[in-house]
Every structure is written in structure tokens, then in C-alpha cells.
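Commentary on secondary and tertiary structure
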Amino acid sequence: MKYDILIVGGGAAGMAAAITSAERGKKVVLAERESDLGGILNQCIHYGFGLTYFHEDITGTEYAARFRKVILDKNIEIMTDADVISIDEDRSAVISGKNGIIKVFFDFCIMASGCRERSIGSVFTGGTRPAGIYTAGEAQKMINLAHYDLGERFVILGSGNVGQIVARRLKILGKDVAAIIERNESLGGLNKNRHDCIEAYGIPVILRSTVDMIYGEGRVSAVRINNLDTGKTEILKCDALITAIGLIPDRDVAENLKKNGTYPDWLYFCGNCDNIHDMVDAVTMQAEKLASDICRLMEER
Ligand SMILES: Cc1cc2nc3c(=O)[nH]c(=O)nc-3n(C[C@H](O)[C@H](O)[C@H](O)COP(=O)(O)OP(=O)(O)OC[C@H]3O[C@@H](n4cnc5c(N)ncnc54)[C@H](O)[C@@H]3O)c2cc1C
């Protein structure tokens, strides 16, 4: 099957790019590996989304639902449970999904595949590797979507928006957050989150520090906090460690196309796959602009 535009990923960026392209009359196929569109938004049950785009304060799930409603009315081929497993130089892609493995051809490809989280393996931490260590995104997904109970007393490594929002969620669930550990001199993330999550819930913050040792047989029982200036250490008891130590654009499926540091002129990136965005509104607007630019390019040819 041949399309004008293939969109990889159906989060905020992919949905916005698909809607704009379809509104310009392009034949669009969107492949999303999960069974529903929305991406990371589907696990964001907190408010703080849409302030710029909709001039309203809505939840992440509501933000996704608004775009799902629009996209389903457009003439777009939407494949869910569909993983794009390769993209090739002849402008084809292999998609593994419900109907087996298929190959599609396209003129342009928009990568909207989001980002990955850095895991505990990316920081130097000694000790054991017991159960009870999660990335913040994993924890958020397990708690908000699958309703798992991940522990009673948590230490969170990393104080960006994601770490702060997960910390607040745990407090709302009645859990003990022993501390957020941050290597910098001040909290990361937006001021709004500092106020709404950290100050409002009285979550302890330990700055200029890191977790350098994990203890526990079978299950996390404590972590060692190391002050980066003084070298002084303290043990914090906990039964779960959550890492919120950074996000990396996920372009793996397109890396084979990079030659001498550049990608082909028919391949574009948007959303967190392009660069990490704090606010979804910026993701949507960037994706809409990119799709509109690509449509203009096609029309001028
Ligand atoms: C914890 C947290 C809190 C946040 N809080 C706020 C907030 O309060 N306000 C706000 O405005 N923003 C917030 N954000 C930011 C915002 O939600 C994100 O920046 C935005 O939703 C990212 O959209 P995206 O489409 O780029 O990526 P994603 O939502 O990650 O979507 C990428 C999609 O691509 C799919 N995919 C990846 N690879 C493939 C492949 N090979 N084949 C098929 N599909 C693939 C994935 O399954 C995923 O659905 C928050 C983010 C997080 C993580």
C-alpha cells in the first residue's frame, strides 16, 4: 500500500501531525504500537494540560481524548497494536501488528515516537538489584492504568517534572515519600510543579546528592544517599526506588537511515522524538507546523 505520509507513533505529536496532514487532503497512515492512541498522555491523570492550546486546564487523558475524537472523524488509516519495526531507504516501512507483518510505502515519514527513560543502569549505583526499582514512567503507568500497589515508602531519584508528579501521586495514594534526591543545587522542573507537588505535599528534598548504593535481598530495603559536596552518606529506608533521571528521544527505528550525521530529506521528527518537551501544547503546535510544512512541500513539487 502506498501513502503520502507515514506517521510513526500516535501520541500528542503523531495525532496532531496526522490531523493536519489529512485536513490538507493527504493520504495518511498512522501506526501506534499500543492498543490506543494518546501515548504518554494516557497515564497522565493529573491536571496541567492544554493551558496554551485550549486555554483550559485539563488532564492528560482528557487532552488525548479530545484529539482522538477529532482524528477518528478524519480520513486517516489508523493502525493500533502496530509496531513500526523498520524504515528503509526505498521509503518503505515494515509494520508488525494484528494482521501479521505488512510493508507500506510512502513519500514522507514523520517520526512521532516519543522518548525513552534513562534507567538506574545509566547512573553509577552499587549494591544489589532487588525488586522494587522502577522508572517514573513505568511506575506512573502501573499505578494509574493497572492500579498496582508498588510499595509503602519511596525514594525518588531525580527532581524534574516527571519525578515531582509521581511523588505527588504517591502522596495522594497515602504512601510515604522519604525524599526526592537531586544532584543539582535546586529542584528541576516547572515552578508550578514545585508549588503544586513538592510544597503542597511537604515532600522532603535532598539537594546536591545522589543514590550511590541500593540495599535489599529480594526487595529494596534501603538506599544510601551520598552528598556530592561533602561525601557524607546517610541511609534511607524504603521499599521502592523510583528513577526520574532523564528522557532521551527515541529514534531507534530510524537510526539506520542516518548517513554522515544527517537523515534523508523525506524523514522528519516531532514531539519528544525531536526534543524533550515539558508541555504537551508545544508538542501539538510543533507537530501541526511540521505537518503543514511537509504538505506545502508536497504541493509545491
Ligand atoms: C509524568 C509526565 C507528566 C507530564 N505532565 C505534563 C503536564 O502537566 N502538562 C503538559 O503540558 N505536559 C506534561 N507532560 C509532557 C507531555 O505529556 C509530553 O511531552 C507529550 O505528551 C509527548 O507527546 P509525544 O507524542 O511526543 O510522545 P508520546 O506521548 O511518548 O507518544 C509516542 C508514541 O509513539 C509510539 N511509538 C513509539 N515507537 C513506535 C514504533 N516503532 N511503532 C509504533 N508506535 C511507536 C508510542 O507507543 C507512543 O504512543 C508530562 C509528561 C510526563 C511523562
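Everything in this summary refers to the structure shown in the same document. (Residues numbered from 1 in each chain as written. Predicted model: local features only at pLDDT ≥ 70, side-chain atom pairs only at ≥ 80, totals over all residues. Heavy atoms only, no water.)

1. Details of the nonpolar core
- Ranked by size, the top nonpolar core spans 57 residues in total, and within it I7, I87, C109, I110, M111 and L267 carry the most contacts.
- Grouped together as the second largest cluster of nonpolar side chains are 20 residues, L150, I180, I198 and I242 included. (Core = buried A, V, L, I, M, F, W, Y, C linked by side-chain atoms within 4.5 Å. Buried < 20%, exposed > 50% of the residue type's maximum accessible area, 1.4 Å probe, protein only.)

2. Observations regarding helix 3 (residues 136–144)
- Among the residues of helix 3, A136, G137, A139, Q140, I143 and N144 are the ones counted as buried. Angularly, the buried residues of helix 3 cover 160° about the axis, an arc narrow enough to put them on a single face.
- At its buried positions, helix 3 is contacted by strand 9 (115–117), strand 11 (133–135), helix 4 (161–172) and strand 18 (240–243). (Helix = DSSP H or I, 4+ residues; strand = E, 2+ residues; numbered from the N terminus. Arc of directions from axis to C-beta. Contact = heavy atoms within 4.5 Å.)

3. Considerations on the sheet that holds strand 11
- Pairing is parallel across the open sheet formed by 5 strands, whose spatial order is 11-18-12-13-14. At either margin of the open sheet sits one strand with a lone partner, and together these are strand 11 and strand 14 (205–206).
- Summarising the sheet, strand 11 and strand 18 pair through 3 bridges and their orientation is parallel. Residue I133 lies in a different strand from strand 18, and its bridge partner there is L241.
- Lying on the sheet, helix 4 is in contact with strand 12 (153–157), strand 13 (176–181) and strand 18; it crosses strand 13 at an angle near 165°. (Pairing = 2+ DSSP bridges. Axes fitted to C-alpha atoms, helices over the stretch in contact; angles between N-to-C directions.)

4. So, the sheet that holds strand 16 (residues 222–227)
- Strands sit in the order 10-15-16-17 across an open sheet of 4 strands; the sheet is mixed. Pairing within the sheet leaves two strands with one partner each, and these edge strands are strand 10 (126–127) and strand 17 (233–237).
- Bridge count for strand 10 against strand 15 (residues 209–215) is 2 bridges, and the pairing is parallel. Paired with G127 across the bridge in strand 15 is I214.

5. Focus on a nonpolar patch on the surface
- On the surface, V162, L247 and I276 cluster together into a nonpolar patch covering about 180 Å² of accessible area.
- Within the element layout of this structure, V162 appears in helix 4.
- V162 gets classed as partly exposed once you look at its relative accessible area, which sits at 32%. (Patch = residues over 30% accessible without salt bridge, like charges linked within 9 Å, V, L, I, M, F, W, Y side chains within 5 Å. Areas by Shrake-Rupley, 256 points an atom, 1.4 Å probe, with all protein chains shown as cover. Salt bridge = Lys/Arg side-chain N within 4 Å of Asp/Glu carboxyl O.)

6. Some words on the pattern of salt bridges
- For the structure on display, the rule yields 22 salt bridges.
- Note that R24 is salt-bridged to E299, the shortest N-O span being 3.2 Å. Of this pair, R24 sits in the loop between helix 1 (12–23) and strand 2 (28–31) while E299 sits in helix 6 (residues 280–300), and the two are 275 residues apart along the sequence.
- A relative accessible area of 43% places E299 in the partly exposed class.
- E255 is the partner of K258 in a salt bridge, and the nearest nitrogen-oxygen pair spans 4.0 Å.
- Of the residues examined, K258 reaches a relative accessible area of 36% and is grouped as partly exposed.
- Look at E255 and you get partly exposed, because its relative accessible area is 35%.

7. Focus on the side chain of E182
- Among the secondary structure elements, E182 is positioned in the loop between strand 13 and helix 5 (191–201).
- Here E182 is buried and forms no salt bridge, its nearest opposite-charge partner R183 lying at an N-O distance of 5.0 Å.
- Among the polar contacts made by the side chain of E182, one reaches the side chain of S159 at a distance of 2.6 Å.
- Excluding its chain neighbours within four sequence positions, the residues that come into contact with E182 are G158, S159, G188, I206, L207, R208 and S209. (Lys, Arg positive; Asp, Glu negative; His and termini not counted. Polar contact = N/O pair within 3.5 Å; in protein donor to acceptor, adjacent residues only side chain to side chain.)

8. Observations regarding unusual backbone geometry
- With phi around 50°, D81 is a residue other than glycine that occupies positive phi space.
- Mapped onto the secondary structure, D81 falls in the loop between strand 5 (76–79) and strand 6 (83–88).
- Here N260, not a glycine, exhibits a phi torsion of approximately 50°, which is positive.
- Structurally, N260 is set in the loop between strand 19 (247–249) and strand 20 (267–269).

Everything listed here is a matter of coordinates, which is why it stays silent on function.
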